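Each chain is listed here by its residues.
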Amino acid sequence: MNDPRSPLSPSQMQLAALVAVGTLGAAPVVIGPVMVGGLIDEFALSPRQAGLVYAAEMAGIGLATLAGVFVVHRWNRRGLLIAAVLLLLMAYLASATAVATLSAAALFGVLLAIWLVGGLGSGTATSTMKAAVAGTRDPDRVFAFYSMLMLAFGALAVPSLTQLRLAHGLAYVYLAMAVLTAALLTVSRAWPARTAVRTRIGGASPDRPRTLQITAIAALGCYFLGYSGVWPYAERLAIAAGLSASEAGRSVGLGLLAGGLGAGLAAAISTRWGRVVPLALGLPLALAGLALLAVGEPAAYRAGVVLFVGSAFFSFPYVLGALAALDPAGRVIMAGLVVQSVCMAIAPAVAAQLASIDYLSVPWQGLVFFVLCTALSLYAGRRVRALTASTSHSPHVH
């Protein structure tokens, strides 16, 4: 077992620093609606083009996570995180320069290239952080606190950055994010170079079939095929429902606040009720929120974004925690994060095609994949619970 006194076990300060870099590493995803809205409003990019810029970032995240499967357990994690922050910082600065100096016609291709590289930084930061957290004694709780902080950041950042964009333009949004990202370097000494691996369920055996690992990874993929298709168009869905740009920013921020509360509730509960009960509550509520987003009315949108984001992020730590429970060395969770990142790249590209027809068709993508996620997650959760119960009495699990 991972002894909390071991020098390889992350201290509370190191965990806080890891969660901070994970939060700002994921920031381009969290504030995606602000970026997509700005590209459409200020530079007349089509919904499809703006969505593809977002998808390019997700592709970079996927490439970084795939590379992380091979290097994150071998290379110095502090060095990886510093390199990731520098890449992300350069992407923000290059984007600010591009939107301030280039014509709208030239901007699309340049931003595709910038955010493919920026995605490499984002993906390296988040995957390295998650691999480190997977070896802790209670990964579900740490993942929940991470989600809570990320969404609390988003709840403040999205409406604030929306107002900044409306007042001064998208370039200032990129510059503001560059300042926040650069601040991460002040805590870089607290990032652990190595972390211990904690054994949860014994090594490969017939009792732990690979199909169960594939099922848990597929559940994670379906989650992001749904969520990452809807999220970048959250602001556009609000406007399609009849809200102004300022009202849309506030509503999206409120949804993120609900997400933070949902993640906080998951952190408080942890696995006290197991994983099946929280998943059986959270994922169907997220489906209800998606159905409301498809209505296209102001009140339905406000309720839908709160219910969808809040319930999705209440459920997410348990979807990810099931992978961590199957993953003594962190490699299965890294494989899951590769699938997650690929799905995060595919989802907005698919949603971009739907949005070019009608923004209100985008939530249906979420509905289809969250139905699949619900079925797969509940199956995987029940099987993990049974395996954990059976191996907890094994003399080989320590």
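Remember, it's a predicted structure, so these values are computed and weren't measured experimentally.

1. Digging into the overall build of the chain
At step 1: Scanning the chain from N- to C-terminus turns up 15 helices and zero strands.
At step 2: Excluding contacts between residues fewer than 6 apart, the proportion of contacts in the chain whose partners are at least 24 apart in sequence is 86%.

2. A look at the packing of aromatic side chains
At step 1: Under the definition given, this model contains 14 aromatic pairs.
At step 2: Judged by centre distance (6.1 Å) and plane angle (45°), the ring pair of Tyr 233 and Tyr 359 falls under tilted. Of this pair, Tyr 233 sits in the loop between helix H9 (210–230) and helix H10 (234–240) while Tyr 359 sits in the loop between helix H14 (331–357) and helix H15 (362–391), and the two are 126 residues apart along the sequence.
At step 3: Here Tyr 233 falls in the buried class, since its relative accessible area comes to 1%.
At step 4: Members of the aromatic cluster, connected to one another through ring pairs, are Tyr 223, Phe 224, Tyr 227, Trp 231, Phe 308, Phe 313, Phe 316 and Phe 370.

3. Things to note about the nonpolar core
At step 1: Membership of the largest hydrophobic core comes to 128 residues, with the highest contact counts inside it found for Leu 39, Trp 115, Tyr 223, Tyr 227, Tyr 301, Phe 308 and Phe 370.
At step 2: Examining the composition of this core, we find that 14 residues originate from one element, helix H13 (residues 298–325), more than from any other.
At step 3: What Tyr 223 contacts, discounting residues up to four positions off in sequence, is Ala 312, Phe 313, Phe 316, Phe 370 and Cys 373.

4. Topic: the packing of helix H3 (residues 32–43) against helix H8 (residues 170–183)
At step 1: Two elements in contact, H3 and H8, have axes whose closest approach is 10 Å; the angle formed by their N-to-C orientations is 155°. As far as their axial angle goes, H8 and H3 are roughly antiparallel. Counted together, Val 34, Met 35, Gly 38, Leu 39, Glu 42 and Phe 43 of H3 and Leu 170, Val 173 and Tyr 174 of H8 form the full contact between these two elements.

5. Describing the confidence of the model for the chain
At step 1: Per-residue pLDDT for the chain averages 84, and the proportion of residues at 70 or more is 87%.
At step 2: Low pLDDT, under 50, characterises residues 1–8; the stretch is placed with 14 contacts to residues that sit more than four places away or in other chains.
At step 3: Long-range and interchain partners of residues 196–207, a stretch whose pLDDT sits below 50, account for 35 contacts in this model, where long-range means more than four residues apart.

6. Details of the environment of Met 344
At step 1: Examined against the element boundaries, Met 344 turns out to sit in helix H14.
At step 2: Taking the C-alpha atoms as reference, Met 344 lies 8.0 Å from Gly 62; in sequence the two are 282 residues apart.

7. Regarding the packing of helix H5 (residues 77–101) against H8
At step 1: Close contact between H5 and H8 brings their axes to 8 Å; oriented N to C, the two are set at 160°. In terms of orientation, H5 and H8 fall into the roughly antiparallel class. Our pair here, H5 against H8, has a crossing hand that is left-handed. Of the residues in H8, those touching H5 at Val 85, Leu 88, Leu 89, Tyr 92, Leu 93, Ser 95, Ala 96, Val 99 and Ala 100 are Leu 170, Ala 171, Tyr 174, Leu 175, Met 177, Ala 178, Thr 181 and Ala 182.

8. Quick word on the pattern of salt bridges
At step 1: Enumeration according to the criterion identifies five salt bridges in this entry.
At step 2: When the shortest N-O distance is used, the salt bridge between Arg 236 and Asp 41 registers 3.0 Å. Taken together, the residues Arg 236 in helix H10 and Asp 41 in helix H3 connect sequence positions 195 residues apart.
At step 3: Overall, Arg 236 belongs to the buried group, its relative accessible area being 7%.
At step 4: As a salt-bridge pair, Arg 165 and Glu 235 come within 3.4 Å of each other at their nearest N and O atoms. Of this pair, Arg 165 sits in helix H7 (residues 139–168) while Glu 235 sits in helix H10; the two residues are 70 residues apart in sequence, bridging distant segments of the chain. Both residues of the pair, Arg 165 and Glu 235, count as buried.

9. Focus on the state of the cysteines
At step 1: Throughout the structure, instances matching the rule amount to zero disulfides.
At step 2: No disulfide involves Cys 343; its sulfur sits 7.1 Å from that of Cys 222, the nearest cysteine.
At step 3: The closest cysteine sulfur to the non-disulfide-bonded Cys 373 is located on Cys 222, 6.5 Å from its own sulfur.

10. A look at H13
At step 1: Taking 1.5 Å per residue, 28 residues should reach 40 Å; H13 reaches 41 Å between its end C-alpha atoms and fits that length.
At step 2: Across the 28 residues that make up H13, a large majority, 22, are buried.

11. Quick notes on the side chain of Glu 57
At step 1: Here Glu 57 lies in helix H4 (residues 47–71).
At step 2: Once residues lying within four places of it in the same chain are set aside, the contact partners of Glu 57 are Pro 28, Val 29, Trp 115, Gly 119 and Ser 122.

12. Here's the deal with a nonpolar patch on the surface
At step 1: Among the surface-exposed residues, Leu 86, Met 90 and Leu 185 lie close enough to one another that they form a single nonpolar patch of about 250 Å² accessible area.
At step 2: The residue Leu 185 is located in the loop between H8 and H9 in this model.
At step 3: Overall, the relative accessible area of 31% leaves Leu 185 in the partly exposed class.

13. Some words on the environment of Leu 367
At step 1: Locating Leu 367 in the fold gives a position in helix H15.
At step 2: On the basis of relative accessible area, Leu 367 is assigned to the buried category, the value being 13%.
At step 3: Among residues more than four places away in sequence, those in contact with Leu 367 are Leu 287, Leu 290 and Ala 291.

14. A look at unusual backbone geometry
For residues other than glycine, phi is negative in most cases, and the peptide bonds are mostly trans.
At step 1: A positive phi angle, close to 55°, is found at Ala 44, a residue other than glycine.
At step 2: Counting through the fold element by element, Ala 44 comes out in the loop between H3 and H4.
At step 3: Overall, the relative accessible area of 65% leaves Ala 44 in the exposed class.

15. Some remarks on the environment of Ser 160
At step 1: Turning to its location among the elements, Ser 160 is positioned in helix H7.
At step 2: Judged by relative accessible area, Ser 160 falls into the partly exposed class, the value being 46%.
At step 3: Placed 13 residues apart in sequence, Ser 160 and Val 173 show a C-alpha to C-alpha distance of 9.4 Å.

What counts as what
- Per-chain numbering applies: the sequence of each chain, read as written, is numbered from 1 onward.
- Side-chain atom pairs in this predicted model are given and counted only at pLDDT of 80 or more, local residue features only at pLDDT of at least 70, and totals for whole chains, interfaces and linings cover all residues.
- Based on all heavy atoms of the structure, the side-chain values leave hydrogens and waters out of the count.
- Helix and strand labels come from DSSP, where a helix needs a run of H or I of at least four residues and a strand needs a run of E of at least two; each type is numbered from the N terminus.
- The contact criterion used throughout is that any non-hydrogen atoms of two residues lie within 4.5 Å.
- Only Phe, Tyr and Trp rings are paired, with Trp represented by its six-membered ring, and only when their centres lie within 6.5 Å; those with planes under 30 degrees apart are stacked, over 60 edge-to-face, the remainder tilted.
- Each residue is placed in one exposure class: buried if its accessible area under a 1.4 Å probe, protein chains only, is under 20% of its type's maximum, exposed if it is over 50%, and partly exposed if it falls in between.
- Think of a nonpolar core as a cluster: buried Ala, Val, Leu, Ile, Met, Phe, Trp, Tyr and Cys residues, connected wherever their side-chain atoms sit within 4.5 Å.
- Axis definition: a line fitted to C-alpha atoms, over the contacting stretch in the case of helices. Angles run 0 to 180 degrees between N-to-C directions.
- Any angle that falls under 35 degrees is termed roughly parallel, while one over 145 is termed roughly antiparallel, one within 65 to 115 roughly perpendicular, and all others oblique.
- pLDDT: the predictor's confidence for each residue, scored from 0 to 100.
- Crossings are assigned a handedness: left-handed for a near helix turned anticlockwise from the far helix by less than a right angle, right-handed for a clockwise turn.
- Criterion for a salt bridge: a side-chain nitrogen of Lys or Arg within 4 Å of a carboxyl oxygen of Asp or Glu.
- Two cysteine sulfur atoms make up a disulfide if the distance between them is within 2.5 Å.
- An expected span of 1.5 Å times one less than the residue number is assigned to each helix.
- The patch calculation keeps residues exceeding 30% relative accessible area without a salt bridge and links them within 9 Å when they carry like charges or within 5 Å when they are nonpolar (Val, Leu, Ile, Met, Phe, Trp, Tyr).
- Using a 1.4 Å probe, the Shrake-Rupley method yields the accessible areas, and only the shown protein chains count as cover for residues.

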